[in-house]
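Below, each chain spelled out in residue letters.
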Amino acid sequence: MTNPWTDIKNTDLVIVMGGNAAEAHPCGFKWVTEAKAHRGAKLVVVDPRYTRTASVADYYAPIRPGSDIAFLMGAIRWCMENDKVQWDYVRDYTNASFLVREDFGWQDGLFSGYDEEKRDFDKESWDYQIGDDGFALTDPTLENPRCVWQMLKKHVDVYTPEFVENITGTPRDKFLDICGMIGECSAVDKTMTSMYALGWTQHSKGAQNIRGMAMLQLILGNIGVRGGGMNALRGHSNIQGLTDIGLMSNLIPGYLNIPTESEVDWQTYLSTRSFTPLRPGQTSYWQNYPTFMVSFLKAMWGDAATEENDWAFDYLPKLDVPAYDILRMFELMNNDRVNLYFCQGFNPLLSIPNREKVTTGLSKLKMLVVMDPLSTETSHFWQNHGAHNDVDTASIQTEVLELPTTCFAEDEGALVNSGRWLQWHWPGATPPGEAKHDTWIMAQIWTRVRELYRTEGGAFPDPIVNLSWDYADPGEPHPSELAREMNGRALSDVTDPATGAVIVQAGQQVSGFGQLRGDGSTMAGCWIYAGSWTEEGNMMARRDNSDPDDVGMYLNWAFAWPANRRVLYNRASADLQGQPWDATRPLVQWDGERWGGYDVPDIAPTANPSEVGPFIMNQEGVSRLFTRGMMRDGPFPTHMEPFESPMANVFNPRMRGNPVARIFESDVARLGGSDEFPFVATSYRLTEHFHYWTKHNPVNAALQPEFFVEISEELAAERGITKGGRVRVWGARGQVWAKAVVTKRIKPMTCDGKTVHVVGIPLHWGFMGAAKKGWGPNSLTPFVGDANTDTPEFKAFLVNIEPAAEEPVA
Amino acid sequence: MNIDLSRRGFLRLAGAGVAATSLGAMGFGSAEAAEAAQVRAYKLATTTETRNTCPYCSVACGIIMYSRGDVKAGETAELMHIEGDADHPTNRGTLCPKGAALKDFVHAPTRLTHPRIRRAGSDQFEEISWDEALDKIARELKDDRDANFIATNDEGTPVNRWTTAGFLAASATTNETAWLTYKTVRSMGIVGFDNQARV
Ligand code: SF4
């Protein structure tokens, strides 16, 4: 989230698309209710199902799963055509005026540079025209046909209301009414907030869904302001933290990157990360990349990371593919190329698509280690549970170790909420039996491995034996020690470059990332967390809930990254003179000499607003309506069908799914078509359950005891399915049996003259725990992900459905 | 700053003060006071309170856990009740049906309490000691890494990659667990590293 939950009360219009906050984030959703009750805000919900969020909305419209980009591009087109644009914001705070290269273009659903063989674009032409001075050329009048604004206008021209209706199934009048409500928020004194979750990310073009709304928000001037923003509600309690700390194949904490093979050494690695400003006088904060990277390497390898060995750069692995993400790992397992696999609080047997493939993959491992507070399906994948897990136990040679871990109540440390607040928590219960903290388990395993390398030698022991491990108890580092390491400290005195004065003494915690240095004099495990544990103590433990003037910022409650800032890009809440666009909703402002306000300003404290652009992380100094080559599937979002869809792509019928999404050959063969599987399925959560955890809790298991699927009355009639009757749902990769919930909440839609039925499949059942045995949507979903993130396409796939015999009573 | 001030604890102290004062003011003699002291105290007034966060969705509602026994004092503590933290800016004391039932998640019948092993081809788990389990895992890691570690590619560039082992990290562990996991997994060169951000 760019803004905190508590800021939603400041909005005028909430648009929920790609999420269902009332059910999946109930206590956060109360801030929508607050905005409705006290500001007169309106709530718009666009969703394939009439959800509980929709039930309290001022306006609801249905949409076919997987067609959001068409809706969003249509809304952008409508705003441009009807002059619903925050012009000052667009002109000065976005790259609307930047000129795009002459050889960039789009046709037949594809941007310039497509290579069908490689399933990739050559992105060379997706760039600005650069002048002799090295800066991008611009046209502040926005009239040059090659400027981003005109290029965007041309790009969205096809998304007329008729076109949108035809693709999305959203009735034209509803689409236009929503455009009207959105358009009002282009006024400086009106803001809209976007609340979305996995309903937007779990598509083969998920990242482009989000881009689409972000662009709309920029056109309306709604980024950086109170009551605005792009608010990713996020699924799990610390998925923000785990991503911040880079627990992904290609990441280093603080959104730095693991090198690829082509980055043969430290200098080559840095050469593509110079981030020189693209306009005069801009901050381009990523110019500090080397500083953060050296501080990270010092945190990892301490004295073994020296200037002479390029800070131990070669200790890091280098990737030969973009990422060894979870889908690739299960593909490799199926190809007998993985021997050992660890699952730490992760239940892939129910959460990774194509369960059959997950089972065969796990069956080929030599050893599977599961660390979890609960007895999961994954740790029992080899156990036969009849139709619910029909495996041949004796033939599975995988050795499985199931290690009991503590849960939140017994553990200490910080979780990062979706508003980027790092909230420390304390243990209040003794772990059951022999359950242990994850930190203890990891330290115990790793110190044993280190000991083996110390005594036996072996393959490149250096990164292991030299890993910094400076903990009071090497067998169980304390959370406070680990948190301090992430914050960072001075290894030798750090001085102010201007005055030479010592600002942090050797051994002291830094108080912010501005004190980090690239010369080896500082270390920090995760630069964006600098300031979370300073010499003054644990800032994440702060619990002062004061909020001057009730703005909703709570600066003394816990710590928010970066720099305790609560609203990202908040500099953009003020105009070119540094004064708030909306005087009734000030956030930060310029007093002629310095920035100040209710939030920590997202700009250098003395940066003159008329000279320095508000988007300081970007080389442009402004935000991007056109993203150059930063996304694999295009600098503008373009409509693409899901990999399994009832319709061909209207721009290019030959194109299946996202043309650059990675899909393995064996999985192409397992895609289904609408002739065999005519109905569109989508997965979702219920209020009473959290993933596959709460079915272990007898209370939640009683509240929602049994797996069901939701269908419309029309589909039920068509297939002869009765209310509460048992049905079989099957697709190209598997089948499940469930109770049928026949409901008015789902209605058939008409797309391209065809009736489209939607089948809703909640995701909370398996074969372990207190609830009745059932299945998850992953028995049915395709093994393909988003082109940029590899997030699996759980939200739009094809199935068939028929009545089934009632279960035999045992 | 950094106050771990328990609001309920404060109220309890204040309440005890009021009780003592009013007993005196109403003229109870020592016998009555002694009898009053025998009256069963409210269950929650004899518990330790601890601030924590709901581990489910990323609204991250503040919660207060009530336990018999104090972990901080090194005692065995049993969780008895969980409620929303009324002072938390986001949830203001409310919890949804998931958070409201958290205590029973902690005490779920399917919580794991002992390390177990399922041997190749077997149809059951058997208990194993921590030491034996950890030694076994360390040995497997070491042997597999030594056998399959890719130090350089064909061009001779150091790549330090180990692709035959993979690690899936969680979604609800703490930052501190995440950082320790990051350090250990990366130091070994494991690239099949992922978390639950996508699902
Ligand atoms: S109580 Fe409900 S809304 Fe609050 S964090 Fe937990 S799951 Fe989310």
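Residues numbered from 1 in each chain as written. Chains lettered and ligands numbered in written order. Predicted model: local features only at pLDDT ≥ 70, side-chain atom pairs only at ≥ 80, totals over all residues. Heavy atoms only, no water.

Considerations on the overall build of chain A
Inference 1: Scanning chain A from terminus to terminus reveals 22 helices and 33 strands.
Inference 2: A compact globule built from 810 residues should have a C-alpha radius of gyration of about 28 Å, and chain A, at 27 Å, falls within 12% of that.
Inference 3: Principal axes of the C-alpha set define a box for chain A whose edges measure 80 × 70 × 55 Å.
Inference 4: Buried positions account for 67% of the 810 residues belonging to chain A.
Inference 5: A separation of at least 24 residues holds for 70% of the contacts in chain A among residues at least 6 apart in sequence.
Inference 6: When the accessible area of chain A is evaluated, it comes to approximately 26,000 Å², of which 49% is carbon and sulfur surface.
Inference 7: Put simply, chain A has 72 plus and 102 minus side-chain charges, and the middle of one group is 5 Å from the middle of the other. (Helix = DSSP H or I, 4+ residues; strand = E, 2+ residues; numbered from the N terminus. Rg over C-alpha atoms; globule rule 2.2 N^0.38 Å. Buried < 20%, exposed > 50% of the residue type's maximum accessible area, 1.4 Å probe, protein only. Contact = heavy atoms within 4.5 Å. Areas by Shrake-Rupley, 256 points an atom, 1.4 Å probe, with all protein chains shown as cover. Lys, Arg positive; Asp, Glu negative; His and termini not counted. Charge placed at Lys NZ, Arg CZ, Asp CG, Glu CD.)

Details of the domain arrangement of chain B
Inference 1: With domains assigned, chain B is organised as domain 1 (1–44), domain 2 (47–110), domain 3 (112–147) and domain 4 (149–199).
Inference 2: A straight line from the C-alpha centre of domain 2 of chain B to that of domain 4 of chain B covers 32 Å. (Domains from an automatic or database assignment.)

Topic: the packing of helix α17 (residues 438–456) of chain A against helix α5 (residues 175–188) of chain B
Inference 1: One can describe the packing of α17(A) onto α5(B) by two numbers: an axis separation of 9 Å at closest approach and a directional angle of 20 degrees. Considering their axes alone, α17(A) and α5(B) lie roughly parallel with respect to each other. In the packing of α17(A) onto α5(B), the handedness of the crossing is left-handed. Counting all contacts with α17(A), which are made through D438(A), T439(A), M442(A), A443(A), W446(A) and V449(A), the residues of α5(B) involved are E176(B), T177(B), L180(B), T181(B), T184(B), S187(B) and M188(B).
Inference 2: Classifying every residue of the contact of α17(A) with α5(B) by side-chain character gives six nonpolar, five polar and two charged. (Axes fitted to C-alpha atoms, helices over the stretch in contact; angles between N-to-C directions. Parallel < 35°, antiparallel > 145°, perpendicular 65-115°, else oblique. Left-handed = near helix turned anticlockwise from the far one by under 90°. Nonpolar A, V, L, I, M, F, W, Y, C, P; charged D, E, K, R; others polar.)

Some words on the pattern of salt bridges
Inference 1: Applying the stated rule across the entire model yields 54 salt bridges over all chains.
Inference 2: Where D314(A) meets K318(A), a salt bridge forms, and the shortest distance between an N and an O atom there is 3.3 Å.
Inference 3: D131(B) is the salt-bridge partner of R448(A), the closest N and O atoms lying 2.6 Å from each other. Here R448(A) is found in helix α17, whereas its partner D131(B) is found in helix α4 (residues 130–148) on a different chain.
Inference 4: In the salt-bridge network here, residues are joined through shared partners; they are E456(A), R139(B), K142(B), D143(B) and D146(B). (Salt bridge = Lys/Arg side-chain N within 4 Å of Asp/Glu carboxyl O.)

Focus: empty space enclosed by the protein
Inference 1: Scanning all chains against the criterion turns up six cavities of 30 Å³ or more.
Inference 2: By volume, the largest cavity amounts to about 490 Å³.
Inference 3: What lines the largest cavity is a set of 33 residues, and nearest its centre among them are L198(A), G199(A), S683(A), Y684(A) and K795(A).
Inference 4: Secondary structure elements with two or more residues in the lining of the largest cavity: α9 (198–201) and β26 (679–684) of chain A.
Inference 5: Broken down by class, the residue content of the lining of the largest cavity amounts to 13 nonpolar, 13 polar and seven charged.
Inference 6: There are two domains that each give the lining of the largest cavity at least three residues, and those are domain 1 (21–232) and domain 4 (665–803) of chain A.
Inference 7: Here the second largest cavity is characterised by a volume of approximately 360 Å³.
Inference 8: Every residue lining the second largest cavity is counted, 27 residues in all, and those nearest its centre are G345(A), D372(A), P373(A), W693(A) and A172(B). (1 Å grid on protein atoms, 1.4 Å probe; cavity = no way out; pocket = protein on both sides within 12 Å on 5 of 7 lines; lining within 4 Å. Points joined across faces, edges and corners; volume = space filled by probe spheres on them.)

Structural notes on the confidence of the model for chain B
All names here are of chain B.
Inference 1: Averaged over all residues, the pLDDT of chain B is 86; the fraction at 70 or higher stands at 78%.
Inference 2: Here residues 1–28 is modelled with pLDDT under 50, and outside its nearest four sequence neighbours on either side it reaches 28 contacts, counting other chains as well.
Inference 3: The ipTM assigned to the predicted complex is 0.97, against a pTM of 0.95. (pLDDT = per-residue confidence, 0-100.)

Some points on the interface of chain B and chain A
Inference 1: Listed per partner, the contact involves 121 residues of chain B and 177 residues of chain A.
Inference 2: For the pairing of chain B and chain A, the buried interface totals around 13,000 Å² over both sides, and the portion due to carbon and sulfur atoms is 62%.
Inference 3: Taken as a group, W130(B), W179(B) and R198(B) account for 7% of the area that chain B buries against chain A, more than any other trio of residues on that side.
Inference 4: Run the count over chain B and chain A and you get 11 salt bridges.
Inference 5: R448(A) is paired through a salt bridge with D135(B); the nearest N and O atoms lie 2.7 Å apart.
Inference 6: At the junction of chain B with chain A, the criterion picks out 87 residue pairs in polar contact (both at pLDDT 80 or more).
Inference 7: For the side of chain B that touches chain A, the leading source of residues is α4(B), giving 16 residues. (Buried area = accessible area lost by both parts, 1.4 Å probe. Polar contact = N/O pair within 3.5 Å; in protein donor to acceptor, adjacent residues only side chain to side chain.)

Overview of the nonpolar core
Inference 1: One finds W301(A) and Y341(A) to be the most contacted residues of the largest nonpolar core, which totals 128 residues.
Inference 2: Leave out the neighbours within four places in its chain, and W301(A) touches A312(A), Y315(A), L316(A), P463(A), N466(A), L467(A), S468(A) and S187(B).
Inference 3: Of all hydrophobic cores here, the second largest spans 90 residues; its members include Y59(A), L110(A), I219(A) and A572(A). (Core = buried A, V, L, I, M, F, W, Y, C linked by side-chain atoms within 4.5 Å.)

Notes on α4(B)
Inference 1: With 19 residues, α4(B) should cover 27 Å at 1.5 Å per step; its first-to-last C-alpha distance of 27 Å lies within 8% of that length.
Inference 2: Along α4(B), the positions that sit buried rather than exposed are W130(B), A133(B), L134(B), I137(B), A138(B), E140(B), L141(B), K142(B), D144(B) and R145(B). (Expected span 1.5 Å × (residues − 1).)

Quick look at the domain arrangement of chain A
All names here are of chain A.
Inference 1: You can read the domains of chain A as domain 1 (21–232), domain 2 (326–452), domain 3 (572–614) and domain 4 (665–803).
Inference 2: Centre-to-centre, using C-alpha coordinates, domain 1 lies 28 Å away from domain 4.
Inference 3: Between domain 1 and domain 4, the contact holds 26 residues from the first and 28 residues from the second.
Inference 4: Counting every contact that joins domain 1 to domain 4 gives two salt bridges.
Inference 5: One salt bridge connects E710 with R49, and the closest N-O pair in it is separated by 3.3 Å.
Inference 6: Listed by contribution, the elements that provide at least two residues to the side of domain 1 that touches domain 4 are α1 (21–24), α7 (161–168), α9 and α10 (206–219).
Inference 7: Taken together, the residues of the side of domain 1 that touches domain 4 sort by class into 10 nonpolar, 10 polar and six charged.

Some words on the environment of K772(A)
All names here are of chain A.
Inference 1: As for its placement among the helices and strands, K772 is situated in the loop between β32 (758–762) and β33 (797–803).
Inference 2: You can call K772 partly exposed: its relative accessible area is 41%.
Inference 3: Taking the C-alpha atoms as reference, K772 lies 26 Å from L401; in sequence the two are 371 residues apart.
Inference 4: Filtering out sequence-adjacent residues up to four positions away, K772 remains in contact with P705, E706, W765, G766 and E807.
Inference 5: Among the polar contacts made by the side chain of K772, one reaches the side chain of E706 at a distance of 3.4 Å.

Here we look at the pairing of strand β12 (residues 340–344) of chain A
Inference 1: Buried residues dominate β12(A), accounting for five of its five residues.
Inference 2: The alternating pattern of β12(A) places L340(A), F342(A) and Q344(A) on one face and Y341(A) and C343(A) on the opposite face, and all of these are buried.
Inference 3: With four bridges connecting them, β12(A) and strand β7 (residues 158–168) of chain B associate as parallel partners. Residue pairing in the sheet places F342(A) in a bridge with F167(B) of β7(B). (Pairing = 2+ DSSP bridges.)

Quick look at the site of the ligand
Inference 1: Taken together, P26(A), C27(A), C54(B), Y56(B), C57(B), A60(B), C61(B), L95(B), C96(B), K98(B) and G99(B) make up the full set of residues adjacent to the ligand.
Inference 2: This site is not confined to one chain, since residues near the ligand come from chains A and B.
Inference 3: Of the residues contributing to the shell around the ligand, the split by class is nine nonpolar, one polar and one charged. (Near = heavy atom within 4 Å.)

Some thoughts on the state of the cysteines
Joining two cysteines, a disulfide is a covalent bond between their sulfur atoms.
Inference 1: Following the criterion strictly, the structure yields zero disulfides over all chains and no others.
Inference 2: C407(A) supplies the cysteine sulfur nearest to C343(A), a cysteine that is in no disulfide, at a spacing of 19 Å. (Disulfide = S-S within 2.5 Å.)

Considering the side chain of N354(A)
Inference 1: With respect to the element layout, N354(A) can be found in the loop between α15 (348–351) and α16 (355–363).
Inference 2: Those residues in contact with N354(A), other than ones at most four positions away along the chain, are D667(A), R733(A), N778(A), T781(A) and F783(A).

A word on the packing of helix α4 (residues 68–81) of chain A against helix α8 (residues 172–183) of chain A
The angle between the axes and the distance between the axes are what describe a pair of packed helices.
All names here are of chain A.
Inference 1: Where α4 meets α8, the closest approach of the two axes is 10 Å, and the angle between their N-to-C directions is 60 degrees. The orientation of α4 relative to α8 falls into the category oblique. Helix-helix and strand crossings are classified by hand; for α4 and α8 the assignment is right-handed. On the side of α4, the interface is formed by F71, G74, A75, W78 and C79, while α8 contributes F175, L176, I178, C179, G180, I182 and G183.

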